[in-house]
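So you can see what is in the structure, the chains are spelled out below.
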Amino acid sequence: MDHRYRAPDSPEGGLGDSAAVATAAGPAAGSTPADPTPAGSDPAGSDPADSDLVRAARGLPVTRTPVWFMRQAGRSLPEYRALRAGTAMLAACQDPDLVTEITLQPVRRHGVDAAILFSDIVLPLVVAGVDIEIKPGIGPVVADPVRTVADVDALPPLEPERLEFLGTAVRSLVAELGATPLIGFAGAPFTLATYLIEGGPSKEHARTKAFMYAEPAAWQRLLEHLAVSAAVFLRAQVDAGVSAVQLFDSWAGVLSPPDYAARVLPHSRAVFDGLAAGRAGEVMVPKIHFGVGTGELLPLIGDAGADVVGVDWRVPLDEAARRVGPGYSLQGNLDPAVLLADRATVDREVRRVVEQGRAARGHVFNLGHGVLPDTDPGVLTHVAELVHELSAR
Ligand code: CP3
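Computed from a predicted structure; not experimentally measured.

Novice: For this particular structure, what's the right way to read the site of the ligand?
Specialist: Near the ligand there are 26 residues, and of these R71, Y80, D120, S250 and H369 occur at the shortest range. Contact distances for the ligand include 2.6 Å between an oxygen atom and a backbone N or O atom of R71. Across the complex, the protein chains shield 91% of the 860 Å² of accessible surface that the ligand would expose by itself. For the shell around the ligand, the secondary-structure elements that each account for two or more residues are helix 3 (78–84) and strand 3 (139–142). The residue makeup of the shell around the ligand, split by class, is 15 nonpolar, 7 polar and 4 charged.

Novice: How do you make sense of the pairing of strand 2 (residues 132–135) when you look at a structure like this?
Specialist: Successive side chains on a regular strand alternate, one facing one side of the sheet and the next facing the other. Only one face of strand 2 is buried, namely the one carrying I132 and I134, since none of E133 and K135 on the opposite face is buried. In terms of strand pairing, strand 2 meets strand 3 through 4 bridges, oriented antiparallel. Among the inter-strand pairings, I132 is bridged to a residue of strand 3, identified as V142. Adjacent in sequence and paired antiparallel, strand 2 and strand 3 are bridged by 3 residues, among which G137 carries a positive phi angle near 80 degrees.

Novice: Where do I start with the side chain of S250 in this structure?
Specialist: Among the secondary structure elements, S250 is positioned in the loop between strand 5 (244–248) and helix 12 (257–263). Excluding anything up to four places from it in sequence, S250 contacts T191, F290, G291 and V292.

Novice: Would you mind showing me how to read the environment of T87 here?
Specialist: Mapped onto the elements of the fold, T87 is located in the loop between helix 3 and helix 4 (89–92). Judged by relative accessible area, which is 24%, T87 ranks as partly exposed. In sequence terms T87 and L98 are 11 residues apart; their C-alpha atoms lie 9.8 Å from each other. Not counting chain neighbours up to four residues away, the residues in contact with T87 comprise A92 and L98.

Novice: Before we go on, may I ask you to explain the packing of aromatic side chains in this structure?
Specialist: The geometry of two aromatic rings is summed up by the distance between their centres and the angle between their planes. Counted under the stated rule, the structure contains 4 aromatic pairs. Linked through ring pairs, F185, F248 and F290 together constitute an aromatic cluster.

Cut-offs and rules
- Residues numbered from 1 in each chain as written.
- Predicted model: local features only at pLDDT ≥ 70, side-chain atom pairs only at ≥ 80, totals over all residues.
- Heavy atoms only, no water.
- Near = heavy atom within 4 Å.
- Polar contact = N/O pair within 3.5 Å; in protein donor to acceptor, adjacent residues only side chain to side chain.
- Areas by Shrake-Rupley, 256 points an atom, 1.4 Å probe, with all protein chains shown as cover.
- Helix = DSSP H or I, 4+ residues; strand = E, 2+ residues; numbered from the N terminus.
- Nonpolar A, V, L, I, M, F, W, Y, C, P; charged D, E, K, R; others polar.
- Buried < 20%, exposed > 50% of the residue type's maximum accessible area, 1.4 Å probe, protein only.
- Pairing = 2+ DSSP bridges.
- Contact = heavy atoms within 4.5 Å.
- Phe/Tyr/Trp six-rings, centres within 6.5 Å; stacked < 30°, edge-to-face > 60°.

See below:
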């Protein structure tokens, strides 16, 4: 029986999925590594570790291309706005019941192949005691930005004991989701450093770069601090049962390849390495690494140690597959703005992304960045259905 979390009226009811398994014929296009799945296990059965998302991330055959949307939980959903009314964003992120319900909303509504934990990249800093607020329509605002070497040294460490609420939320979600995988996440050291140094969202990230050039030793300590905090945050999620993790380095695309390689990449790698060291006997969950505007960085990004490289809409997936090289799956890359266009355009662009994704060893369909707040949720549901229909094997 299919334990996947589905709405009662979902078109993907339990029996429908067994039919999909019966017809699951071939491997995904591209290379076909040996399947280490134990004999007798069911590729679309009740274990999220055997889900299409996890299998695509590892470059294994899938029943159909898995799809989820960055920022699928959030302001595009009226049920989200209703539930969030009267609760500040960062308070909501620390309430396990709210986190569970908000995380499940898009899974119920769209029939996507993964849930992503409702949280925020700045949460580990907040839990550690840094004064940050998420202002509606603006984003994270830091009360006392990091501007000096002393500010770096004064940053409080993230104590794992403070993350109990996170373990509670993840465990309750894993129980509710059944075979649908839950993706955990953290912000990468560079992207978190931009918020700490700029004090809030920024276009140019000039202060961040100036600090990086002018204070190389303090920069290194800052990124080391943020790498440890990201690893602690991810470890709590992995221990509580998430099926995959994503590291968001949203703003890394503002860097030149040499600066990225020398001053940022080693710290993102430290996050993945810290996780991969793992517990005794642990099979590490697949790791996804995402940034915006990273076209020139793609050949480097794989080196950080993820299984899946996220790509925005600027580089077609077949070209991205060439740039990252073999050994990685890709995630992306429909332009979120396309979802605001007419249906014929949406369908044409979805088809193109699914086609170009076949060049990778595995493809997780997603947007090139988060869902825009004005998006009609019905279009997201349609895209999830269309991706499934186009890729069913
Ligand atoms: O993807 C999901 O549905 C899971 C939840 C999630 C949120 N933030 C919830 C959120 C995830 C994965 C994030 C990650 C995040 N947060 C990133 C990386 C992804 C990206 O977009 O590049 C970044 C840079 C942040 C920092 C941040 N938090 C920004 C820039 C904003 C947006 C400000 C705005 O209002 O447009 C936030 C707030 C935020 N995080 C919201 C949500 C649902 C909006 C809060 C609200 O309802 O007002």
